[in-house]
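Here is how the chains run, residue by residue.
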Amino acid sequence: MRFRHRRAVAKPQVATDSKEMVSLTCLEEGKSGVIAYTHGGCGLVRRLAEMGLTPGVEVKLLRKCPFRGPLEIEVRGTALALGYGVASKVFVKPSRTEANG
Amino acid sequence: MRLAMASLQKFLSNPQGLKLMGKQLRIALAGNANVGKSVIFNQLTGLNQIVGNWPGKTVERAEGTLHFEGYTIRIIDLPGIYSLSTFSMEEIVSRDYIATEKPDVIVNVVDASMLERNLYFTLQLLELDPPIILNLNQVDFAAKKGIKIDAEKLSSALGVPVTQTVAITGAGINELLSTVIAVATGEEQFKPLRVTYGKEIEKRVQTIEKLVSTKLPQICAVYPARWIAIKLLERDEDVSGKIRNYENGKEVLEYAEKLAGELEKIHGEPSPVIIASERYSLATKIAKAVTTVETPPKISLEQKIDALTTHKILGYPILAGILAAIFALIFIGGNFVSAGFDYTFGILTSQTANVLSQFLPEIAVDLINKGVLSGVFAGISVALPYIVPFYILLALLEDSGYLPRAAFLMDNFMHKIGLHGKAFIPLMLGYGCNVPACIGCRIMETQRERLLSAFVVVLIPCAARTVVILGLVGRFVGLHAALGLYIFDLVLVFALGRIAFKVLPGEPVGLIMEMPPYKRPSIKNILVKTWSRTRDFVFIAFPIIIAGSLAIVALDATGFTNYIVNGASPLISGWLGLPVLAGIPLIFGILRKELTLILLAELIPLQSLTAVQMIVFALVTMIYIPCLATIAALKREFGWRKALTITLIDVGLALFLGGIAYRILSI
């Protein structure tokens, strides 16, 4: 199982073709980003889209737990908790002009 | 009877009367999780559907009836879902219900403070083409956040009536009902918005729609052709599965698949994502147009609590502290109250025995005293002091919105046993009663995860087992020993969960969960909930306790006890080191776990047991078998085979561990 976790985490570095895009897990707390794409199984991608995580939408990382714990994000006015594995499959373009929040 | 006839005659002679008989309506409540559907349902029907501040409580649709202005209205509370796709059983069940049962009105309950996300669901409802009312709920909470929604504007944007409620207080419920009737009778005319997509999608939707309506007229009788077309373009497995069986089904499917492929080539994204994005952009547009954020809200107390309780470091000691406080309160408080009851009931029993023996034969006195009275007294003195406070505290956790936070914090840990954070919620509920906890496992997404969670949930000591652990070990051996049993149980849950996780085939799923805002719990709701849960205990458990006690007296009188005792003695006394009589309560304990202690006390003076025997007895009771109600719940959720497998594993495990514990502790 450990192996499976590692692989899921290692993937992002391979998949990020543009330097600007980072996985949601790499975003700092309190920072926002615009979703570029999500990858993973068809079910997961669809599920994320239905929960509002569609390309082009802005998300804000509210907090992340240590040791590859879950993340809490704000998207479309709601707070969502995402497991580390799920969040590592969501890629965002970090927003430069940071609104204070 | 005469009166009834007279009123029936009057009813029939009245020209309006016959029409009145047909005045039956069916309405369904639909919407996202945790928007307050169940609260509205309770307000409408006066029933007590369990409500609480965590997404996924309503796992089964609840039904109720109400009478309003001469109408008999049946109300169905559908489970909360975020979409009408095929992600979960609930979604498929809900959309099939709406399409095939065709309720007169769908009340789409919407959380006014999260309009955008909620409208995504509304748009999908509109595609199914039922008569809809959009009900903005929790408008007070939205106002507190500085959010104001122009209901009229929203109504004209969507083309459906919009009502507003604060369900908790009941404000707006009557207006909602009047609107329901106006829509159902056709008094209120409206023209629902036709959700249209971008050019590329729209073109393809319309082509498939035409094809579906000409080639598959049978399915168009149930579902709107346009909806089928959209679902096919979204690669909806359930819909394509339904269509495949029809004569021209394959042809339509292949064509839709081709068009979906084209779409993906243009956009470079999977087609479900393209369509979801389009729906969301429409939802955003509408939400923006009707919402005014008046004052950017100040950081509220709730937000401060939120930040603290989900803090990446502080969150954990707080979680541990809350759980420790709950147990301390029940351990110590329950013990204290229980001892008080015991004293009072002790005096009462001996007094009644004295009085009764003056004019009744000895056997009758025994039957009344030992069977009925001591059963009832034991039920009250052993069970209620632990069960009621537990339910109150659990309700507090549920209603405040803390459970999802705990689930969030525990996500990492739960992954170790192949589950994700959400499974922590049924696990917590399991400390109250395993039955709702087993059903609550439906908040997990896949069948595999549901089974895995249910498997660990039945190992959680419910309130009834707490009674045995605290009433026996806690009282006579000491609280440290009781606490030791609880910790041992957690270790066991972890170890077994991990084994089951490795054994069961399938991939673990990640956590995606809405975090509802903290809410001030309503005292009324907590009391109502505690009462309805305690009522189950009183009305279901007490008859069983009395019957069990009577059976023991009867067994004793007829000499059957020896029979059973001799048969079970190698196992009970040889392997587990318990007094042979302890086998009887363990058998009856299958009905209710607290019965084991109550019956044990009637058979053997508890003080005569050694500390080791008490611990072994409590340990076996804690694990040995889920009670009948839990087995029934398991059967309903997973079928006989899995329910029996879990039961057998638990029995084997309990006997194995009990024997080992006896040998280790005796050293």
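Residues numbered from 1 in each chain as written. Chains lettered and ligands numbered in written order. Predicted model: local features only at pLDDT ≥ 70, side-chain atom pairs only at ≥ 80, totals over all residues. Heavy atoms only, no water.

Visitor: Can you tell me about the overall build of chain A, naming the residues and giving the values?
Guide: Within chain A, the regular secondary structure consists of three helices and six strands. Long-range pairs, those at least 24 residues apart, make up 61% of the contacts in chain A between residues at least 6 apart in sequence. Total accessible area computed for chain A in this model is approximately 4,900 Å², and 53% of it derives from carbon and sulfur atoms. (Helix = DSSP H or I, 4+ residues; strand = E, 2+ residues; numbered from the N terminus. Contact = heavy atoms within 4.5 Å. Areas by Shrake-Rupley, 256 points an atom, 1.4 Å probe, with all protein chains shown as cover.)

Visitor: Account for the pattern of salt bridges, naming residues and giving values.
Guide: Residues and elements named next belong to chain B. Considering all chains together, one arrives at 32 salt bridges over all chains under this definition. Where E302 meets K144, a salt bridge forms, and the shortest distance between an N and an O atom there is 3.8 Å. Residue E302 is located in helix α15 (residues 301-309), and its partner K144 is located in helix α6 (residues 139-144); the two are separated by 158 residues in the primary sequence. A salt bridge links K529 to E398; the nearest nitrogen and oxygen atoms lie 3.6 Å apart. Remark: E398 occurs in helix α17 (residues 362-400) and K529 occurs in helix α24 (residues 523-558); sequence separation between them is 131 residues. On the basis of relative accessible area, K529 is assigned to the buried category, the value being 3%. (Salt bridge = Lys/Arg side-chain N within 4 Å of Asp/Glu carboxyl O. Buried < 20%, exposed > 50% of the residue type's maximum accessible area, 1.4 Å probe, protein only.)

Visitor: Lay out the confidence of the model for chain B in plain terms, naming residues and giving numbers.
Guide: When the pLDDT values of chain B are averaged, the result is 86; 94% of them are 70 or greater. Interface scoring of the predicted complex returns ipTM 0.82; its pTM is 0.84. (pLDDT = per-residue confidence, 0-100.)

Visitor: Describe the interface of chain A and chain B, listing the residues and the values that go with them.
Guide: Taken together, the 36 residues of chain A in the interface contact 42 residues of chain B. With both sides pooled, the region where chain A packs onto chain B buries about 3,200 Å², and carbon together with sulfur makes up 60% of that total. Among the residues chain A hides against chain B, the three largest losses belong to R46, E50 and R76 of chain A. Together they make up 21% of the total. Scanning the region where chain A abuts chain B turns up three salt bridges. Across the pair E29 of chain A and K312 of chain B runs a salt bridge whose closest N-O atoms are separated by 3.7 Å. Between the two partners, chain A and chain B, sit 14 residue pairs in polar contact (both at pLDDT 80 or more). Taken together, the elements giving at least two residues each to the side of chain A that touches chain B come down to α1 (2-15), α2 (42-50), β3 (58-64), β4 (71-75), β5 (78-82) and α3 (84-87) of chain A. As defined by bridge partners, β5 of chain A adjoins strand β9 (residues 512-514) of chain B across three bridges and the pair is classed as antiparallel. The residue of β9 of chain B that forms the bridge with L82 of chain A is I512 of chain B. (Buried area = accessible area lost by both parts, 1.4 Å probe. Polar contact = N/O pair within 3.5 Å; in protein donor to acceptor, adjacent residues only side chain to side chain. Pairing = 2+ DSSP bridges.)

Visitor: Quick rundown of helix α9 (residues 199-215) of chain B? Include the residues and the values.
Guide: Residue and element names in this part refer to chain B. The terminal C-alpha atoms of α9 lie 24 Å apart, and with 17 residues this matches the ideal 24 Å at 1.5 Å per residue to within 8%. Along α9, the positions that sit buried rather than exposed are I201, E202, R204, V205, I208, L211 and V212. The inward-facing, buried residues of α9 abut α10 (217-220), α11 (225-233), α13 (249-267) and α14 (271-290). (Expected span 1.5 Å × (residues − 1).)

Visitor: Break down the sheet that holds strand β6 (residues 90-94) of chain A for me, with residues and values.
Guide: Reading across the sheet, the seven strands line up as β1(A)-β6(A)-β2(A)-β3(A)-β4(A)-β5(A)-β9(B) and stay open at both edges, with antiparallel pairing between neighbours. Each end of this open sheet is capped by a strand with a single partner; those strands are β1 (22-23) of chain A together with β9 of chain B. The sheet contact formed by β1 of chain A and β6 of chain A spans two bridges and is antiparallel. Counterpart to V22 of chain A in the pairing with β6 of chain A is V92 of chain A.

Visitor: If you had to explain the packing of helix α27 (residues 593-603) of chain B against helix α28 (residues 611-623) of chain B to someone new, which residues and values would you point to?
Guide: The relative placement of two packed helices comes down to the angle between their axes together with the axis-to-axis distance. Residue and element names in this part refer to chain B. Contact geometry for α27 and α28: axes closest at 9 Å, N-to-C directions at 150 degrees. On the basis of the axis angle, α27 is roughly antiparallel to α28. Seen from above, α27 lies across α28 with right-handed handedness. Along the contact surface, α27 presents K593, T596 and L600, while α28 presents F617, T621 and M622. Here the contact of α27 with α28 is composed, by residue class, of three nonpolar, two polar and one charged. (Axes fitted to C-alpha atoms, helices over the stretch in contact; angles between N-to-C directions. Parallel < 35°, antiparallel > 145°, perpendicular 65-115°, else oblique. Left-handed = near helix turned anticlockwise from the far one by under 90°. Nonpolar A, V, L, I, M, F, W, Y, C, P; charged D, E, K, R; others polar.)

Visitor: Explain unusual backbone geometry to me, and be specific about the residues and the numbers.
Guide: A positive phi is found at F67 of chain A, a non-glycine position, where the angle reads about 55 degrees. Even without glycine at this site, E69 of chain B takes up a positive phi of about 45 degrees. Tracing the backbone shows E69 of chain B in the loop between β2 (62-68) and β3 (71-77).

Visitor: Hey, could you go over the sheet that holds β2 of chain B for me, with residue numbers and the actual values?
Guide: Residue and element names in this part refer to chain B. One open sheet accounts for six strands, arranged β2-β3-β1-β4-β5-β7; its pairing is mixed. The strands lining the two open edges of the sheet, one partner per strand, are β2 and β7 (162-164). Averaged over all pairs of adjacent strands, the angle between strand axes in this sheet comes to 25 degrees, irrespective of strand direction. Taken together, the five bridges between strand β1 (residues 24-31) and strand β4 (residues 105-111) define a ladder with parallel strand orientation. Of the residues in β4, the one forming a bridge with A30 is N108. Packed on one face of the sheet, helix α7 (residues 151-158) meets β5 (132-137) and β7 and runs near 150 degrees to β7.

Visitor: Could you give an account of the nonpolar core, naming the residues involved and the relevant values?
Guide: Proteins that are soluble and globular tend to have nonpolar side chains buried together. All names here are of chain B. M414, L419, V473, L485, F617, I623 and L634 are the most contacted members of the largest nonpolar core, which has 112 residues in total. Take this core: its biggest share by element is 10 residues, from α28. Ignoring anything within four residues of it in the chain, the contact list for L485 reads I469, V473, I615, A618, L619 and M622. The next biggest cluster of nonpolar side chains, apart from the first, holds 62 residues, and it includes L78, A151, V160 and A287. (Core = buried A, V, L, I, M, F, W, Y, C linked by side-chain atoms within 4.5 Å.)

Visitor: Which residues make up the side chain of T284 of chain B, and what are the values?
Guide: With respect to the element layout, T284 of chain B can be found in helix α14. By relative accessible area, T284 of chain B is classed as buried at 15%. Here the side chain of T284 of chain B touches R76 of chain A through a polar contact of 3.2 Å, side chain to side chain. Here T284 of chain B is in contact with R76 of chain A together with E116 of chain B, once residues within four sequence places are set aside.

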